[in-house]
Every structure is written in structure tokens, then in C-alpha cells.
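Observations on chain architecture
This is what each chain is made of:
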Amino acid sequence: MRSTRGRAEAPRGLVAATLALALALAFAPACSEKLPAPIPSASPEGAAPKRGGVLELATFGDVRSLDPANITDGLAPQIIEQVFAGLVDYDKDGTIQPDIAERWVIADEGKTYRFFLREGVRFHDGEEVTADDVKRSVERALHGSARNPAASYYSSIVGFDALDAKEAESLPGVVVEGRYVVAFHLSKRDATFLRVLAMLPLRPVCKSGGARTSASWHPCGAGPFKLPPNGWQRGQQLTVVRHDGYFRPGLPHLDGVRWTLHQNQSSQTFKFMRGDLDIVRDFATPELLRFQADPRWKPFATYDEAHQILGEAMNVQIPPFDNVEIRRAVAAGIDRDALRRIRASNLTATNQLVPPGVFGHDTDLHGQRSDYEAALEHMRRAGYPYDPVTKTGGWPHVIPYLVYKQGLQEFMGQVLAQQLEKIGLRIEIRIVNCPTFIALRGRRDATAFGPGFWLQDFPDALSFLEPIFHSKMIADEGTNNWSFYKNPRIDDLIDRAHEELDDERRKKLYSEAQEILTDDAPWAFSQNFRFYTQRQGYVRDHHSHPMWMHELKRTWLDRAAGPVAGRAIFSEKGLAALLGTDVRR
């Protein structure tokens, strides 16, 4: 997830939420050997789902927080989606559907949203979810003390500014009208309100979450899975188990889901082929190509839609990127096709911010283009001409380029360094772990240059424009406006798009904003990324989702009999022994 908070403090928001792109290019072992066959399913197509089993997943890094009010990395959302349920959610087609709320009505010309909750929905601690819990959770998430990276997405709620500034302790725009009825009053129309409400940050939390966020809180929601007391061993693994009180009868099918943390690509691929992991998304290029070429594996694989942008983010407050001509030189000097070839199976070169799978993408936009001669001209205009024959001139200082270990950008950065050296910009790659990378990129004056990446928080261009480039997102810490870019024209276009309910007029606003960003170049837009998901043959009802990395409440395991068939299947007693808790609670 992926957005940021506006204040002297987004995917992302969300987290900024952001999805941290974890795809190294290290070669996996035994790449010349034939792939093993998929482990088959025990039942034919159309068989009824079976209850039981622990789904085994892995990821390259760790998770910083599982509090939906403070999503600060791109790994947490796949877990938070399992633990917390919202008033509304996205279905498999990307359409908003009821979740905890069974229905809603819109009034006051789009400025009031009234939700009617299902009765009998239970939190993981057994308490019923009521309208009071919804209001408390919203105020908890949007209070200034929460440092919620996605908070600005909800700025249209009446009273937001005072709560965000910690000048108020409640939100008058959220009104409890009965035990199961809650209304949201907006100060102005917001074309994205239902879409952002379906995101993660405002999902109701148990009363143990209190009225304000706390780093010591044990995550507790109303989702299909719950986090047991010792389910998160930081840096090692994280396990969630079935919430037997989940409000959708018969779901989830799985006993639990376990993520192995800090697992590099080679290890993930080896364990997957051995049957110790059930699904894998982080591939080394040679192994990815082998799986894609093997007809035995193709029925159990899918590509996600292109909803992610990659580029080079330049801090406009730090030299040399306070000079617009230097930024334009970078945008023209990178060879996008050469960068695409580093990961051709996942990457597509692009000239603009908004990916083709997102509303607001402009096929007619000229955008940024690779043009070596133009890049040299921009360097001359910046006052730092470079002579490619004598290799003299250019920016006189080495520019640190921050990347995180085991990221795709670690390898793209090496090619980028060669490309920029040809126009007189020398960069030095500095590698840190992923949490350090996220922290430093979001800190004012900490880094001048590094990869930028953003995965949609919701399917609209505002999901990219607002968290990355609106000036209200700038903060001293924790911002996803990594360029610290401020342009009143951009701010105005984004604000107008928020209130514009006509799709065609909104598209025009988006195109105008993209033209400005093309020229100002706070980012050099480079690639769109599509994830490739490979499953074992026995993983049933797991599909690519337009919003969530893993939508698991209907997934089930149907592993054929054999010496390792019971690996993922645990009785309640066995699972309790594994987790040191009673999973029936």
C-alpha cells in the first residue's frame, strides 16, 4: 500500500503504503536442471473445499507494523488484509462490495455516506463490532499522533484537519446513529471516498487497540485470520490462524497462514520446488523464465495487472536536483529499454506516472523520452556541460544512490550508474536493508537520489498523484513524497480531481498534471512492473486480485497423498503445539 501523510506529518499510505519491490537477480541453484513437476491436487476440478492446512509463504524482508493505522512498508498489507475486515472491500473484479457493512446509502449530493453494519460480527477477542468501534477506530487512525501515512486520503471528512493537527480529540464528521449505523459527513464531494474506505487504514480494531495507537498493541481485528500471542517472531516468521468467529459462514478454509521472513529468492525457489512453500512471487530471472516456459506449471500461474510504477526519485531540495535542468537530464539520459531488459519478463518501459492498468493513464501523453543529445543539452543549460569525448565536465561531486539489499533496483542501479556517467553524473550505490531504506527515503534531507516505486492503493490516478507529489504529503519523517516536491499547480489539479465526479473531466485534469510532472521531472519515470505468481498444483481457489497480494479467505489446500502430503496439514492440537496457544479461542 502505498500513500503518505500530509502534515509536518502513502501505498501503498499507505503506505506508503508502498510496496517495497523485492526482486533480486541472483541466480538460483541448479538452473540447468529440469524443473520438478507441480505437486498435484488430490481432488478433481469442482470438488468441495476442504478445511485445514497451513499455507506456507515467504518474503524477502520483515514487517515493521501490523497496525492498519500505521502501514509504513509494502510487506505488511498482505498480512493486514487477512487480520482486519473493513466496512467495504474490493471483490475479485475490483468492484466495491459490502463487508462488515451490509449496505450503505449516499445522500447530500455525495457528501454523506451512511453505513448499516451486519449484526453479530465478532472481533478476534469475541466482542461484537458496533458503530462505536467504527468511530473509535477511525479517530484512532486519523489522529495526528498516529502518524498514519494514508491519513490525507480521508481529509474530506468533517473535522479532519483539527484531529490531524491534534487540536481536537474527536471527529464530528463520523456520527454514530445507532448500534449498527454510522454516518460519514464530508466537507466536500470526494470521488474517491468509497475507494479509499475499502483500503486498510480505517479498518475497525478491537477495543484493546484503544483510542490512540501504541507500538506495544497486539493486532486484533475482525478479519478471517487472527494473530496468536506468539505468532510474530520478528525477523524469522509470522503466523496467523483461523478466526473461528468470522462472520462469513464456513470461511476461512485454512487453519492458518505462515510467512517465513528474510528469505532470499534462491531459498524461496528451492523450497517451493521441494514443496515447502505453496506460492512464490519473488523469482530470480533465470528461474522465472524456466517456470514460464514449462507447460506443466503454466496452469498454476498468473500475471498481475500493471499497477506499479518504477522510476528514479530525486530530492528537489538537495543539490544537484534542486536544479530542474539536472532532473530533466536524468529523465532524458536513462535508457529505459536497457533497464527493461534487466527483468524483461516483468518490466515494461513507460514514459509517465500512471500505469496502463489504472484509470487516468494517458496513451496520448508524449511523456518523458530517452534522448542522449537532449540529456547533454540539459546538462549544459544546468551550467555543468559534459564532453563525452574527453569525459570532462559534468556535476563535480559523486551522488549517493540509496538502494536496499535484494531489491531489483540494486541491479538496475548498476546499469543506471553507467548510463548517467555518460552525461556527467557519477553515482555511488549505497546498499542498506529494506526498513532502513524506507526510513531514510522518507526523511527530509537524508537522501538526494534513489529508486522510486509505487503500487496503487486504489484503482485511480489519484492513488499515484496525491501521495507522491502533493505538497501536503511532505513531512520531516515518514513521507512518501520522496522528492519533497511542491508545486501549487499540481496541488490544485489534484484537489480539483478529488471533487470532480465526471470521469472524462477528471481524466483531463490527470493528463494536465502528468504533463507538468513530465517537464518538472521530480521523478524520471522508467518502468511498469507486473508480478508473476506461481502456485503448486494443490493450492485451490487462489487467484490474482486487483488490489490485494493474497486474498486467502477462500483458498484451500488439496495436497495429494505422499510422504510430504501432511506437511501443511495440522490438527487443532498440532497447530496449538506449534504456536503455543489454543487456536480455538
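1. Some remarks on the overall build of the protein chain
- Looking only at helices and strands, one finds 15 helices and 24 strands in the protein chain.
- By element, 50% of the accessible surface of the protein chain is carried by carbon and sulfur atoms, the whole surface being about 21,500 Å².

2. Examining the packing of helix α12 (residues 462-469) against helix α13 (residues 488-499)
- The N-to-C vectors of α12 and α13 enclose an angle of 140°; their axes lie 11 Å apart at closest approach. For the element pair α12 / α13, the angle class is oblique. The way α12 lies across α13 gives a crossing that is left-handed. Note on element contacts: α13 touches α12 through Ile490, Asp491, Ile494, Ala497 and His498, opposite Leu462, Leu465, Glu466 and Phe469.
- Looking at the contact of α12 with α13 residue by residue, the class counts come to six nonpolar, one polar and two charged.

3. What about the state of the cysteines?
- One pass over the full model with this rule turns up one disulfide.
- Cys206 shares a disulfide with Cys220; S-S distance 2.0 Å. Handedness of the Cys206-Cys220 disulfide follows from its S-S torsion of about -65°: it is left-handed. One end of the pair, Cys206, is in the loop between α4 (193-197) and β8 (225-226); the other, Cys220, is in the loop between α4 and β8, with 14 residues separating them in the sequence.

4. Some remarks on the pairing of strand β6 (residues 174-178)
- Sheet topology note: the β6/strand β7 (residues 181-185) ladder contains four bridges and is antiparallel. When the bridges of β7 are listed, Val176 appears paired with Val182.
- Counted along the chain from β6 to the antiparallel partner β7, the turn is two residues long.

5. Some details on the packing of aromatic side chains
- For the structure on display, the rule yields 28 aromatic pairs.
- For the ring pair Phe283 and Phe291, a centre distance of 5.4 Å and an interplane angle of 55° mean the geometry is tilted.
- Classification of Phe291 as buried rests on a relative accessible area of 0%.
- Summarising the aromatic geometry, the rings of Tyr384 and Trp395 are spaced 5.0 Å apart at their centres and angled 75° between planes, so their arrangement reads as edge-to-face. Of the two residues, Tyr384 is situated in the loop between α9 (372-382) and β16 (386-387) and Trp395 in the loop between β17 (392-393) and β18 (399-404); the sequence distance between them amounts to 11 residues.
- The exposure class of Tyr384 is partly exposed, given its relative accessible area of 28%.
- Site record: aromatic cluster; members linked through ring pairs are Phe272, Phe283, Phe291, Trp297, Tyr303 and Tyr532.
- Between the NZ or CZ atom of Arg140 and the centre of the ring of Trp217, over which it lies, the distance is 4.6 Å.

6. Side note on the pattern of salt bridges
- All chains considered together, the criterion is met by 37 salt bridges.
- For Arg179, the salt bridge goes to Glu128, with nearest N and O atoms at 2.8 Å. Here the residue Arg179 occupies a position in the loop between β6 and β7, and Glu128 occupies one in the loop between β5 (112-117) and α2 (131-142), the gap between them amounting to 51 residues.
- By relative accessible area, Glu128 is classed as buried at 12%.
- For Glu551, the salt bridge goes to Lys553, with nearest N and O atoms at 2.4 Å. A single burial state applies to Glu551 and to Lys553, both of which are buried.

7. Digging into unusual backbone geometry
- A cis amide bond links Leu251 to the next residue, Pro252, at an omega of -5°.
- Tracing the backbone through its elements, the reader meets Pro252 in the loop between β10 (237-242) and β11 (256-260).
- Between Pro319 and Pro320 the backbone carries a cis peptide bond, its omega angle lying at 5°.
- Here Pro320 is to be found in the loop between β14 (308-314) and α7 (324-333).
- Positive phi, normally seen in glycine, also occurs at Arg147, with a value near 50°.
- On the basis of relative accessible area, Arg147 is assigned to the partly exposed category, the value being 37%.
- At Asp541, a residue that is not glycine, the phi angle is positive and equals roughly 55°.
- Here Asp541 lies in the loop between β23 (539-540) and β24 (556-557).

8. What to know about α7
- Burial analysis of α7 places nine of its 10 residues in the buried class, which makes it a mostly covered element.
- Listed in full, the buried residues belonging to α7 are Glu325, Ile326, Arg327, Arg328, Ala329, Val330, Ala331, Ala332 and Gly333.

9. Thoughts on the nonpolar core
- Ranked by size, the top nonpolar core spans 146 residues in total, and within it Phe115, Leu142, Phe184, Leu353 and Phe449 carry the most contacts.
- Membership of the second largest hydrophobic core comes to 12 residues, among which are Met273, Phe283, Leu288 and Trp297.

10. Examining the environment of Leu75
- With respect to the helices and strands, Leu75 occurs in the loop between β1 (54-58) and α1 (77-83).
- Residue classification places Leu75 among the buried positions, given a relative accessible area of 5%.
- On a C-alpha basis, the gap between Leu75 and Gly61 in space is 7.7 Å, while along the polypeptide they are 14 residues apart.
- Leaving out residues up to four positions away in the same chain, Leu75 has contacts with Thr59, Phe60, Gly61, Asp62 and Val63.

11. A word on the sheet that holds β14
- Strand order in the open sheet made by the four strands is β15-β21-β14-β20, with antiparallel pairing throughout. Pairing within the sheet leaves two strands with one partner each, and these edge strands are β15 (347-349) and β20 (449-455). Averaged over all neighbouring strand pairs, the angle between strand axes comes to 30°, with direction disregarded.
- As paired strands, β15 and strand β21 (residues 523-529) are joined by three bridges and run antiparallel to one another. Within β21, the residue paired with Thr348 across the bridge is Asn528.

12. Brief notes about the packing of α12 against helix α14 (residues 503-520)
- Running from N to C, α12 and α14 point in directions that differ by 40°, and their axes come no closer than 11 Å. Compared by their axis directions, α12 and α14 come out oblique. Where α12 crosses over α14, the two elements pack in a sense that is left-handed. For the pair formed by α12 and α14, the contact residues are Leu462, Leu465 and Phe469 on the first element and Arg506, Tyr510, Ala513 and Leu517 on the second.
- Partitioning the contact of α12 with α14 into residue classes produces six nonpolar, no polar and one charged.

13. Brief notes about α2
- With 12 residues, α2 extends 17 Å between its outermost C-alpha atoms, agreeing within 8% with the 16 Å of an ideal straight helix rising 1.5 Å per residue.
- With 10 of 12 residues buried, α2 is to be regarded as a mostly interior element.
- Every buried residue of α2 is listed here: Ala131, Asp133, Val134, Arg136, Ser137, Val138, Glu139, Arg140, Ala141 and Leu142.

Each value, and the rule that gives it
Residues numbered from 1 in each chain as written. Predicted model: local features only at pLDDT ≥ 70, side-chain atom pairs only at ≥ 80, totals over all residues. Heavy atoms only, no water. Helix = DSSP H or I, 4+ residues; strand = E, 2+ residues; numbered from the N terminus. Areas by Shrake-Rupley, 256 points an atom, 1.4 Å probe, with all protein chains shown as cover. Axes fitted to C-alpha atoms, helices over the stretch in contact; angles between N-to-C directions. Parallel < 35°, antiparallel > 145°, perpendicular 65-115°, else oblique. Left-handed = near helix turned anticlockwise from the far one by under 90°. Contact = heavy atoms within 4.5 Å. Nonpolar A, V, L, I, M, F, W, Y, C, P; charged D, E, K, R; others polar. Disulfide = S-S within 2.5 Å. Pairing = 2+ DSSP bridges. Phe/Tyr/Trp six-rings, centres within 6.5 Å; stacked < 30°, edge-to-face > 60°. Buried < 20%, exposed > 50% of the residue type's maximum accessible area, 1.4 Å probe, protein only. Lys NZ or Arg CZ within 6 Å of the ring centre and 35° of its normal. Salt bridge = Lys/Arg side-chain N within 4 Å of Asp/Glu carboxyl O. Core = buried A, V, L, I, M, F, W, Y, C linked by side-chain atoms within 4.5 Å. Expected span 1.5 Å × (residues − 1).

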